[in-house]
Amino acid sequence: MTRGTKTVWPVITLAAAKGGVGKTTIAYEVASAIGAVLVDCDWDNGGATTMWGDDPGKRQRSPLLNALLAIAPGNDGPVPGAPHYLEALGRPGLLPGDTRLADVRDVDPHRMTEMLSKWTTEWNRPIVIDTHPGLGPISDAAMAASTLVGVPMVLGARELDGLHGFLQLRGGGFPIVLIPNKDRASAQDLRLLKIVEDDVRTFGIRVSPSISDWVWLPRRTSRRAALLLTVNPGKDLARAAEEFRQVAQYLVEVVRDGRTD
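Residues numbered from 1 in each chain as written. Predicted model: local features only at pLDDT ≥ 70, side-chain atom pairs only at ≥ 80, totals over all residues. Heavy atoms only, no water.

**Student:** Please clarify how the environment of V207 should be interpreted in this entry.
**Tutor:** Within the secondary structure layout, V207 lies in strand 9 (residues 206–207). On a C-alpha basis, the gap between V207 and P218 in space is 23 Å, while along the polypeptide they are 11 residues apart. When neighbours within four sequence positions are excluded, V207 is seen to be in contact with V177, L178, P180, V200 and Y250. (Helix = DSSP H or I, 4+ residues; strand = E, 2+ residues; numbered from the N terminus. Contact = heavy atoms within 4.5 Å.)

**Student:** How do you make sense of the pattern of salt bridges when you look at a structure like this?
**Tutor:** Inspection of the entire model under this criterion finds 9 salt bridges. Among the charged side chains, a salt-bridge network with shared partners connects K194, D198 and R201. (Salt bridge = Lys/Arg side-chain N within 4 Å of Asp/Glu carboxyl O.)

**Student:** It is not clear to me how the packing of helix 4 (residues 109–123) against helix 5 (residues 137–144) should be interpreted in this structure. Could you clarify?
**Tutor:** Each pair of packed helices gets described by two things: the angle between the helix axes and the distance between those axes. Close contact between helix 4 and helix 5 brings their axes to 8 Å; oriented N to C, the two are set at 60 degrees. Judged by the inter-axis angle, helix 4 sits oblique to helix 5. Pair helix 4 / helix 5 crosses with right-handed handedness. Facing helix 4, whose interface residues are P109, M112 and T113, helix 5 presents A141, A142 and A144. (Axes fitted to C-alpha atoms, helices over the stretch in contact; angles between N-to-C directions. Parallel < 35°, antiparallel > 145°, perpendicular 65-115°, else oblique. Left-handed = near helix turned anticlockwise from the far one by under 90°.)

**Student:** What exactly am I supposed to notice about the side chain of T24 here?
**Tutor:** Relative to the helices and strands, T24 resides in helix 1 (residues 23–34). With near-sequence residues (within four places) excluded, T24 lies in contact with D42, G47, A48, M51 and D130.

**Student:** Any chance you could explain the pairing of strand 3 (residues 11–14) here in plain terms?
**Tutor:** Look at any regular strand and the pattern is simple: side chains alternate between the two faces of the sheet. Burial along strand 3 is two-sided: the face carrying V11 and T13 and the face carrying I12 and L14 are both buried. Two elements, strand 3 and strand 6 (residues 127–131), share 4 bridges in a ladder whose sense is parallel. Across the sheet, L14 pairs through a bridge with D130, a residue of strand 6. Here strand 3 runs beside strand 7 (residues 148–154); their pairing, made up of 3 bridges, is parallel. Within strand 7, the residue paired with T13 across the bridge is V149. (Buried < 20%, exposed > 50% of the residue type's maximum accessible area, 1.4 Å probe, protein only. Pairing = 2+ DSSP bridges.)

**Student:** Is there a simple way to think about helix 3 (residues 63–70) in this case?
**Tutor:** Since the α-helix advances by 3.6 residues per turn, residues separated by three or four positions end up pointing in the same direction. With respect to burial, helix 3 is a largely interior element, 6 of its 8 residues being buried. Of all the positions in helix 3, only P63, L64, L65, A67, L68 and A70 are classed as buried. Buried residues along helix 3 sit against strand 4 (37–41), strand 5 (93–95), helix 4 and helix 5.

**Student:** Sorry if this is basic, but what is going on with the packing of aromatic side chains here?
**Tutor:** Pairs of aromatic rings are described using the distance from one ring centre to the other and the angle between the two planes. Enumeration over the complete set of coordinates arrives at 3 aromatic pairs. Centroid distance W119 to W123: 5.4 Å. Interplanar angle 40 degrees. Geometry classified as tilted. One end of the pair, W119, and the other, W123, are both in helix 4, 4 residues apart, so they sit about a helical turn from each other. Under the relative-accessibility criterion, W123 is labelled buried at 12%. Look at W214 and W216: their rings are 5.7 Å apart centre to centre, the planes differ by 55 degrees, and that puts the pair in the tilted class. (Phe/Tyr/Trp six-rings, centres within 6.5 Å; stacked < 30°, edge-to-face > 60°.)

**Student:** Looking at this model, I keep getting lost on the sheet that holds strand 3. Mind explaining?
**Tutor:** Sheet strands associate in pairs through backbone hydrogen bonding, adopting either a parallel or an antiparallel arrangement. Taken in spatial order, the 7 strands make up an open sheet running 5-4-6-3-7-8-9, and their pairing is parallel. Of all strands in the sheet, those with a lone pairing partner are strand 5 and strand 9, marking the two edges. In the packing of helix 5 onto the sheet, contacts are made with strand 3, strand 4, strand 6 and strand 7, and the angle to strand 6 comes to roughly 155 degrees.

What is shown is where atoms sit, not what they do.
Shown next as structure tokens:
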């Protein structure tokens, strides 16, 4: 995006009411597709940082944790500069998560917006944020600071029930795009989907292209993003990569068209 002669990089946050809906995989692939830095605000092991191949347990200092503590309410210090992020072939740039993020009790959304904007300028790249499932101070501040919030939608009874609750609480306050994922449904799921469709109309939420139910995808051991595999990716992986690419393109188009109100 450009504003006058200045490039304004978007901040896209992936959020979800519950785990297991594909949020982290989508964040990983979208960040790869748009050349973003993936900021991992999920503190559970097995998230984007582990997927990338980093081990925060070996690091005494956590740049992301220190940055979030610096912008907590009551801290009058300067907004922190952009910390160093990790890069590797076939993986998105990464600002690693840390288990100690779970101890952060409050984050100032306005200062987080300022901080993330500063980082996109210094890095000259967009940011994709992966969040911990559910609501909390970091997730809420990240969504408030974002250009766009992507929320996976899985057609399962518990997943749709959780999504409905999430949208009732946050649907009117953030620019949300639903990302249909693991596309299967039963009759019970379709009844709940009708409730979510009502939320979509009520809050003016947009819906991206869907991602198929690639049951083998969570079992992949490769650290490389599907989108960044260019040599013999295999038929199914190539199809999955194309679906992630279409989702990323849709999110970018929504941002570019200014349709985030």
